[in-house]
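# Examining the three-dimensional arrangement
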Amino acid sequence: MASKESCEVSSDQFSNEFLTCSLCLDRYKTPKVLPCQHTFCLQCLKNYITVLGSNAISLPCPVCKEVTLIPQKDPSCFRSNHHINCLLEYVDDQKAKLAAVEESAMQPSSSTSWIAASHPHTSNPSCYACGESESLTSFCGDCCLWLCNICSKAHERVPATASHFLRTVDMVDKECKEMAAEGEKTVYKYKVANDENCEILQKMLSQLPDMVHEAKVKIDKAGEIACKVIQDKQKNSLSKLNQYHHEQKESLTMKLAVINARNRDLNNIQELLTAVQITDNGYSNQEAVKRIDKELRTVTPLDEIPQSIGDSLSVQFVPNKPHLNDLEHMDIGSLVLTKGNLSTPRLLRDHQLKPVKSVSLPEREYISGLAVNKFADKFVVSNNESVLVFKPDSSIPKRFLSSQSNYVFNKPWGIAFSDKDQEVFITEAGEHEGKGSVTVFTLDGKLKNVFATGLTLPRGIATCGGFLFMCDQMDKCVYIFNKWGKVQKVLKKTPDGKFLFVSPMFVSVGINGNFAVCDNFNCVKIFDKQCNLLFEYWSSFPDSQLWGVLVLRDGTTIVCDWKHGLHQISHDFQTTGLIAVEDSTMKEPSAIASIENGTMFYVGSCYGEIYHVI
């Protein structure tokens with residue numbers, strides 16, 4: 001039969017596994033089930049809808065993102081999950097029964113209730129064996145009993161207890177004093193630690209106003225800069241309007257002057273024509289006709305004067321509404337909240353990293369993309385211009401494209417390798433915005449197909465489990481494609497309409513489906529396989545330039561920092577910060593890759609060097 005402890009543990013495990021709301025991470029309270037069969041607390045659904053907006057008529061499921069209409073705009077109208085309610089009642093009943101059993105077991109029986117009064121420190125200590133109030137002389141540690149002198153001798157003679165060790169009162173007293181001394185040491189250590197923590201907290205409290213004030217000054221400065229940018233754009237638009245006003249006024253005034261001059265000439269000719277009609281003198285009429293002919297020749301030609309002004313003049317201003325909407329949901333900056341001294345170099349796998357320079361490019365060109373296959377072939381994208389390959393047995397790079405290929409790269413940036421399909425994926429920005437693409441090549445550099453086209457500004461790329469993840473810097477999103485090039489998901493905005501990214505540049509996917517995105521060169525955002533944001537990492541260095549990112553097999557994330565080296569984010573997000581490196585030979589890391597997300601990895605730098613990191 002299972003013990004009470006095991007029953008309690010299994011009940012708790014059952015509650016944690018099946019009776020916990022995924023929003024509040026607590027036991028269900030008034031569980032409501034959505035049409036997608038996911039269950040949440042009623043209050044959690046109300047809070048979730050509040051975040052979406054007071055006028056929300058539908059909501060995406062927090063787990064599977066399936067959009068569901070809110071019945072009568074009231075989450076309490078969702079169906080109650082009676083199955084969950086029954087399970088909750090059952091678990092509560094089981095716990096109540098176990099508590100009753102434990103309480104009855106703790107009640108002393110009539111035959112043993114007097115034992116509690118037999119301790120030598122009570123007012124009337126009694127011998128456990130005989131029950132007499134004799135002077136207690138020894139304590140049996142095996143039986144946890146105090147005995148008088150006579151019973152102690154009997155205890156030593158009885159075969160069942162003869163092997164028990166009896167301690168005298170002085171021995172017990174000495175042991176208690178030793179334990180008290182150890183306790184004093186422990187209490188002293190705790191007090192010292194508490195005093196240190198108190199001092200640290202007081203120091204942090206004293207520094208907090210200055211840090212908040214400094215952040216406020218920076219926020220005000222960022223707001224002023226943002227306002228100035230908008231005001232400059234406003235002034236620029238007004239300047240263009242004023243210039244247009246001046247030019248149109250001058251043009252229309254000149255045209256009007258020409259029209260008026262022509263009208264005066266026509267009036268003069270009309271007077272001469274009238275005079276000819278009413279005069280009978282042939283000589284004077286002949287002279288008048290000559291003058292009329294001369295005047296007609298000097299009048300401005302018709303082709304130089306518009307016969308009709310046409311449509312009425314219209315001057316309008318059309319606001320760029322999509323960009324204004326983006327501006328509404330865009331923050332002026334990010335508030336970085338850090339705890340502890342993150343600038344202190346930390347260890348990775350309990351030791352410092354040791355970078356060993358493997359190869360280097362002939363020219364000092366920065367590496368934006370790096371991929372490594374299982375044969376340790378290193379595919380390199382350098383200087384936003386070329387794609388090269390380093391073979392393991394050669395330090396001289398080769399052109400990736402086949403010699404028979406007529407294909408020409410157009411601003412390549414990111415590169416990823418699929419060991420399963422033996423394919424190389426490369427992102428290209430194209431000639432201008434909207435001409436970006438993802439191209440697929442074989443290992444020997446032959447063009448296989450164009451995976452995606454019409455992208456705004458594709459950057460970092462990663463592949464895992466038959467899916468392709470790609471950052472688009474201009475569109476501020478991460479595309480997730482299936483193996484046939486169909487978009488499965490676009491990670492761009494939160495349910496309340498805010499952008500998830502400012503400028504996503506690099507991405508890496510772990511074997512468990514979690515993926516990390518380097519955003520705007522100063523932040524790394526980590527998502528689970530359901531695309532829920534798990535963690536944001538900000539460097540403790542204000543001048544950090546975060547580039548390449550790699551999720552290792554154990555879930556640790558490594559980030560390249562141009563300025564300071566490599567950072568780590570542990571799988572539980574508890575250990576973050578700069579990683580200790582044995583020497584400073586590795587400068588300005590920019591790209592990172594590993595063989596099938598293994599424990600060993602390679603790092604490319606802005607100096608065109610590739611390191612094998614051990």
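Since we're looking at a predicted model, the values are computed, not measured.

### Remarks on the nonpolar core
The biggest cluster of nonpolar side chains holds 21 residues, and the ones touching the most others in it are Leu19, Cys21, Tyr28, Leu34, Phe40, Leu59 and Phe78. With five residues, the single largest contributor to this core is helix H2 (residues 42–52). Contacts of Leu19, omitting those with residues within four sequence positions, involve Phe14, Asp26, Arg27, Tyr28, Ile84, Leu87, Leu88 and Val91. With 15 residues, the next largest nonpolar core counts Phe521, Trp547, Val549 and Val551 among its residues.

### Re the sheet that holds strand E5 (residues 136–140)
The antiparallel open sheet is built from three strands, whose spatial order is E6-E5-E7. Single-partner strands in this sheet number two, and they are strand E6 (145–148) and strand E7 (166–168). In this sheet, neighbouring strand axes are inclined to one another by 35° on average, regardless of whether the strands run parallel or antiparallel. Across four bridges, E5 lies against E6 in antiparallel orientation. What sits directly across from Phe139, in E6, is Trp146. Sheet contacts for helix H4 (residues 149–157): E5, E6 and E7; angle to E6, the most-contacted strand, approximately 110°. In this fold helix H5 (residues 169–278) packs onto E5, E6 and E7, with an angle of close to 80° to the strand it touches most, E7.

### Observations regarding the sheet that holds strand E22 (residues 515–519)
Strands belonging to one sheet form pairs held by backbone hydrogen bonds; the direction of such a pair is parallel or antiparallel. Reading across the sheet, the four strands line up as E21-E22-E23-E24 and stay open at both edges, with antiparallel pairing between neighbours. The open sheet has two edge strands with one neighbour each: strand E21 (504–509) and strand E24 (533–538). Recorded for the sheet is a direction-independent mean angle of 20° between the axes of neighbouring strands. For E21 and E22, the ladder comprises five bridges, and the chain directions are antiparallel. Bridged to Val509 within E22 is Phe515.

### Overview of the confidence of the model for the chain
Residue-level pLDDT values for the chain average 83, and 87% of them are 70 or greater. Considering each helix and strand of the chain separately, the mean pLDDT is smallest for helix H1 (residues 4–18), with a value of 59, and largest for E22, with 96. Confidence drops under a pLDDT of 50 for residues 1–9, and excluding neighbours within four residues, the segment shows eight contacts in the predicted structure. Every residue in residues 108–123 is under pLDDT 50, and counting partners more than four places away or in other chains gives 18 contacts.

### Some points on the packing of H5 against helix H6 (residues 282–298)
The interhelical angle for the contact between H5 and H6, taken along N-to-C directions, is 160°, at an axis separation of 10 Å. By the angle between their directions, the pair H5 and H6 is classed as roughly antiparallel. For the pair H5 and H6, the crossing hand works out as left-handed. Contact residues: H5 offers Ile269, Leu272, Leu273, Ala275 and Val276, while H6 offers Asn285, Ala288, Arg291, Ile292, Glu295 and Leu296. Along the lines of polarity and charge, the residues of the contact of H5 with H6 split into eight nonpolar, one polar and two charged.

### Here we look at the environment of Gln286
In this structure, Gln286 sits in helix H6. Residues Gln286 and Val276 lie ten residues apart in sequence; the distance between their C-alpha atoms is 8.6 Å.

Cut-off values and rules
- Residues numbered from 1 in each chain as written.
- Predicted model: local features only at pLDDT ≥ 70, side-chain atom pairs only at ≥ 80, totals over all residues.
- Heavy atoms only, no water.
- Core = buried A, V, L, I, M, F, W, Y, C linked by side-chain atoms within 4.5 Å.
- Buried < 20%, exposed > 50% of the residue type's maximum accessible area, 1.4 Å probe, protein only.
- Helix = DSSP H or I, 4+ residues; strand = E, 2+ residues; numbered from the N terminus.
- Contact = heavy atoms within 4.5 Å.
- Pairing = 2+ DSSP bridges.
- Axes fitted to C-alpha atoms, helices over the stretch in contact; angles between N-to-C directions.
- pLDDT = per-residue confidence, 0-100.
- Parallel < 35°, antiparallel > 145°, perpendicular 65-115°, else oblique.
- Left-handed = near helix turned anticlockwise from the far one by under 90°.
- Nonpolar A, V, L, I, M, F, W, Y, C, P; charged D, E, K, R; others polar.

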